[in-house]
Amino acid sequence: MHEKLIFEHAAPGRSADAQYPRVPVEATVPTSLLRATPPLLPEVSELQAVRHYTRLSQLNFSIDTHFYPLGSCTMKYNPKACNQYAMLPELLGRHPLAPESTGQGVLQILFELQEMLKEVTGMRGVSLTPMAGAQGEFAGVAMIRAYHRARNDLARTEIIVPDAAHGTNPATATMCGCTVREIPTQSNGDIDLEALKGVVGPHTAGIMLTNPSTIGVFERRIREVAEIVHGAGGLLYYDGANLNAILGKVRPGDMGFDVIHMNLHKTFSTPHGGGGPGSGAVGVSERLLPFLPVPIVGRDGERFRWLDQQDLPQTIGRLSNFMGNTGVLLRAYVYMRMLGRDGMQRVSEFATLNANYLMARLQAAGFEVAYPERRASHEFIVTLRREAREWETNAMDFAKRLLDYGFHAPTTYFPLLVPECLLIEPTETEPKEELDAFVDAMIAIRKEAETEPAKLQGAPWTLPVRRLDDVRAAKQLDLTWKPATA
Amino acid sequence: MSNVPADLRYLKSHEWARLEGDGTVTIGISDHAQQALGDLVFVEAPEVGRRVSAGEACAVVESVKAASDIYSPVTGEVIASNVDLGGQPELVNSDPYGAGWIMRVRPEDKAQFSAMLDAKAYQAALAAETH
């Protein structure tokens, strides 16, 4: 089912008049600003445009249509009620620069969201303004640097990153002008504490940790890690990528973390995939409170107001125009209010149960699990190194073949520690039947790998496009379509 | 099985090094490493004149699967880096021990080179990794 580009549906002179502006453009735009040549737009009818985009939407692999066990991404179902309430006209119609006096309701929602996030993470302050996970990470490390600078402790420029941390952590540290010191993970999945003791010192700004880590196990000696890093004068950064695994059970603040970013688009079920928008709210311990990014919602008695630079003179500043992705924040708020405290605990319980059930069934079916002696958190790793060696069917071939079976592929080749790996995160929202169907597909694909490996090596066979040449795509970036004749 | 030439030295992190007649050390990544990474799309080699330390990440290779740091096995000045890799990173895949070399360093302490794994020890390390 191949869908042509919309330009390939076009014919000269065809148009959809109903969509034209009522007033001619020439009447409202100064002549000096008018284009000399008309823009290159597809000349199609309204019906052609509607059919084209409807068909494209039907080709989507999405949570609403497919099981989506993309490890580390927490592709859980996004309840429709969150959309419904976030789209109330009173919320949709509000302008971000409207006066505080007319927007007390929205401010109260954002204030309560800050309070709930503080409570669930055990932190002392929260700012909702980071627009995505990457910006939340940036804000977190920027606050660590600002803290050391404020104390005139200028030599602290090193960020320690375990090799099982989330892949964005070294990038964030580098973006903030720090040097990255990598430390190894032990074969049981825990951090090598001796290696940690060897690298901390007067240059340590902090450590970035993901707990549970990217290999899907809980860092059991986190208190000792905190003691070692704090003892050396550094701070602890919690990457919230895997917060779904511990929601309502353990709090990063209680583990000793000084700063955390939360991906509201993962743990708190706001829509993501396809480029966002996300939301990377940050939480901090007592000592980082003065450095939070602004604006934050504060409360004076019964009134809510924006706290800005004059309230927090040591803030790392603003991260964007306006006040964060409010539409996303509203959805996270509704989600949390619908679940309540008990509901949030069930999230992590069922996320963990689903992951361990899936792991046990795949193990029983003969798949090799990367850390078999450990209980999975909310995700786990299957290594297909045996299948790759014996049948020349690697992790990418399995991933592509899963698409033919109607499943979005798990994360492939990440983390880098494990060869030929699939990182599988079912999330709490999948029923047992769906998990069983996924196991059946994996078993069937493994059988094919043994008897007809070409079926995997050439997959996918049933999708609009076949196996893409990702090497050529990376080398020959061609992002703009132009008509052949132009 | 991957090719491990007997006349080179290796690191567990899959770099190879060759001691040249003029006392400099040529560095690249092993056949095993290029196989594991898959087709490379980008190589960033260090600037000539930069001083690198043994164990320091000083180059980057990137495939469609992953980006990996390349560690220098020796301390010293970078005296050459392979400019051909800018336009043809695939040379590392097709000829990892030849045209796919990454950089050349003048070592301050040749003992660091001698301390690297020989081919037999590297093969044993590979076997342990992929058992």
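Quick caveat: nothing in here was measured; it's all calculated off a predicted structure.

Cut-offs and rules
- Residues numbered from 1 in each chain as written.
- Chains lettered and ligands numbered in written order.
- Predicted model: local features only at pLDDT ≥ 70, side-chain atom pairs only at ≥ 80, totals over all residues.
- Helix = DSSP H or I, 4+ residues; strand = E, 2+ residues; numbered from the N terminus.
- Rg over C-alpha atoms; globule rule 2.2 N^0.38 Å.
- Buried ≥ 20, exposed ≤ 12 C-beta atoms within 10 Å, placed from the backbone.
- Contact = placed C-beta atoms within 7 Å.
- pLDDT = per-residue confidence, 0-100.
- Nonpolar A, V, L, I, M, F, W, Y, C, P; charged D, E, K, R; others polar.
- Pairing = 2+ DSSP bridges.
- Axes fitted to C-alpha atoms, helices over the stretch in contact; angles between N-to-C directions.
- Domains from an automatic or database assignment.
- Parallel < 35°, antiparallel > 145°, perpendicular 65-115°, else oblique.
- Left-handed = near helix turned anticlockwise from the far one by under 90°.
- Expected span 1.5 Å × (residues − 1).

### A short note on the overall build of chain B
For chain B, the count of helices and strands is 5 helices and 9 strands. Its helices and strands taken in sequence order, chain B reads β-β-β-α-β-β-β-β-β-α-α-β-α-α from the N to the C terminus. In terms of overall dimensions, chain B is globule-like: its C-alpha atoms have a radius of gyration of 14 Å, near the 14 Å expected for 131 residues. Across its three principal axes, chain B shows a C-alpha extent of roughly 35 × 35 × 25 Å. Classification of the 131 residues of chain B by burial places 40% in the buried group. In chain B, the proportion of contacts linking residues at least 24 apart, taken out of those at least 6 apart, comes to 64%.

### Re the overall build of chain A
Helices and strands together make up the secondary structure of chain A, namely 16 helices and 13 strands. Dimensions of chain A, computed from the C-alpha atoms along their principal axes, are close to 75 × 70 × 45 Å. By sequence separation, contacts in chain A at least 24 residues apart represent 74% of the contacts at least 6 residues apart.

### Quick notes on the confidence of the model for chain B
Of the residues in chain B, 98% reach a pLDDT of 70 or more, and the chain-wide mean stands at 93. Per the prediction output, this complex has pTM 0.88; the corresponding ipTM is 0.73.

### Remarks on the interface of chain B and chain A
With 7 residues of chain B at the contact, the number on the chain A side is 8 residues. In terms of residue class, the side of chain B that touches chain A is built from 4 nonpolar, 1 polar and 2 charged.

### Considering the pairing of strand β9 (residues 303–307) of chain A
Taken together, the 5 bridges between strand β8 (residues 296–300) of chain A and β9 of chain A define a ladder with antiparallel strand orientation. Residue pairing across strands places valine 297 of chain A opposite tryptophan 306 of chain A, the latter belonging to β9 of chain A.

### Some thoughts on the sheet that holds strand β13 (residues 421–424) of chain A
Residues and elements named next belong to chain A. Taking strand neighbours across the sheet as the criterion, the 4 strands line up as β10-β11-β13-β12 in an open arrangement whose pairing is antiparallel. Every interior strand has two partners, whereas the edge strands, β10 (368–369) and β12 (411–412), have only one. The pairing of strand β11 (residues 380–383) with β13 spans 4 bridges and is antiparallel. Within the sheet, the bridge partner assigned to valine 382 lies in β13 and is leucine 422. The strands that helix α13 (residues 395–404) touches are β12 and β13; relative to β13, the one it contacts most, it runs at about 45°.

### Regarding the domain arrangement of chain A
According to the domain assignment, chain A consists of domain 1 (6–58), domain 2 (81–339) and domain 3 (347–473). A straight line from the C-alpha centre of domain 1 of chain A to that of domain 2 of chain A covers 43 Å.

### Here we look at the packing of helix α6 (residues 133–150) of chain A against helix α7 (residues 168–175) of chain A
Residues and elements named next belong to chain A. It is the contact of α6 with α7, at a shortest axis distance of 9 Å, that shows an interaxial angle of 50°. Considering the angle they form, α6 stands oblique to α7. For the pair α6 and α7, the crossing hand works out as right-handed. The residues of α7 that touch α6, namely those facing Ala134, Glu137, Phe138 and Val141, are Thr168, Thr172, Ala173 and Met175. The residue makeup of the contact of α6 with α7, split by class, is 5 nonpolar, 2 polar and 1 charged.

### Quick look at α13 of chain A
Residue and element names in this part refer to chain A. By the criterion of burial, α13 is predominantly enclosed, with 8 of the 10 residues buried. Residues Ala395, Met396, Asp397, Phe398, Ala399, Lys400, Arg401 and Leu402 constitute the buried set of α13. Of the surrounding secondary structure, the elements contacted by the buried residues of α13 are β12, β13, α14 (432–451) and α15 (454–457). A positive phi of about 85° marks glycine 406, the residue just after α13.

### A short note on the sheet that holds strand β8 (residues 76–81) of chain B
The sheet built from 6 strands is open, its strands ordered β1-β2-β3-β9-β8-β5 (chain B) with antiparallel pairing. What marks the edges here is a single partner per strand, and that holds for β1 (9–10) and β5 (51–52) of chain B.

### Side note on the pairing of β8 of chain B
Residues and elements named next belong to chain B. When β5 meets β8, the two strands line up antiparallel, connected through 2 bridges. Each bridged residue has a counterpart across the sheet, and for arginine 51 the counterpart in β8 is glutamate 77. In the sheet, β8 pairs with strand β9 (residues 103–107) via 5 bridges, with the strands oriented antiparallel. What sits directly across from serine 81, in β9, is methionine 103.

### Brief notes about unusual backbone geometry
All names here are of chain A. Going from phenylalanine 414 to proline 415, the amide bond is cis rather than trans, its omega being 0°. When you line up the elements, proline 415 lands in the loop between β12 and β13. Residue proline 460 is reached from alanine 459 by a cis peptide bond, and omega for that bond is 5°. Position of proline 460 relative to the elements: it lies in the loop between α15 and α16 (470–475). The phi dihedral of threonine 74 falls on the positive side, at around 50°, and the residue is not glycine. Relative to the helices and strands, threonine 74 is located in the loop between α2 (46–58) and α3 (80–86).

### Describing the environment of aspartate 397 of chain A
Residue and element names in this part refer to chain A. In this structure, aspartate 397 sits in helix α13. Taking C-alpha positions, aspartate 397 is 9.7 Å from isoleucine 445, a pair spaced 48 residues apart along the chain. Setting aside residues no more than four positions away along its own chain, aspartate 397 makes contact with Leu456, Gln457 and Ala459.

### Comments concerning α2 of chain A
For α2 of chain A, spanning 13 residues, the distance from its first C-alpha to its last is 18 Å, which sits close to the expected 18 Å at 1.5 Å a residue. A small share of α2 of chain A lies buried, amounting to 0 of its 13 residues.

### Comments concerning the packing of helix α11 (residues 326–364) of chain A against α14 of chain A
Residue and element names in this part refer to chain A. As a packed pair, α11 and α14 sit with axes 10 Å apart at the nearest point and diverge in direction by 30°. It follows from the interaxial angle that α11 and α14 lie roughly parallel. α11 and α14 meet at a crossing whose hand is right-handed. In this structure, α11 uses Asn354, Tyr357, Leu358, Arg361 and Leu362 to contact α14, whose residues at the interface are Leu435, Val439 and Met442. Grouping the amino acids of the contact of α11 with α14 by side-chain chemistry returns 6 nonpolar, 1 polar and 1 charged.

### Details of the environment of glutamine 108 of chain A
Residue and element names in this part refer to chain A. Tracing the backbone through its elements, the reader meets glutamine 108 in helix α5 (residues 104–121). With 15 C-beta atoms counted inside 10 Å, the residue glutamine 108 sits in the partly exposed group. Here the alpha-carbon distance between glutamine 108 and alanine 205, two residues 97 residues apart in the chain, equals 35 Å.

### Regarding the environment of valine 4 of chain B
All names here are of chain B. In this fold, valine 4 is placed in the segment before β1. In sequence terms valine 4 and arginine 50 are 46 residues apart; their C-alpha atoms lie 29 Å from each other. Ignoring anything within four residues of it in the chain, the contact list for valine 4 reads Ser30, Ala119, Tyr122 and Gln123.

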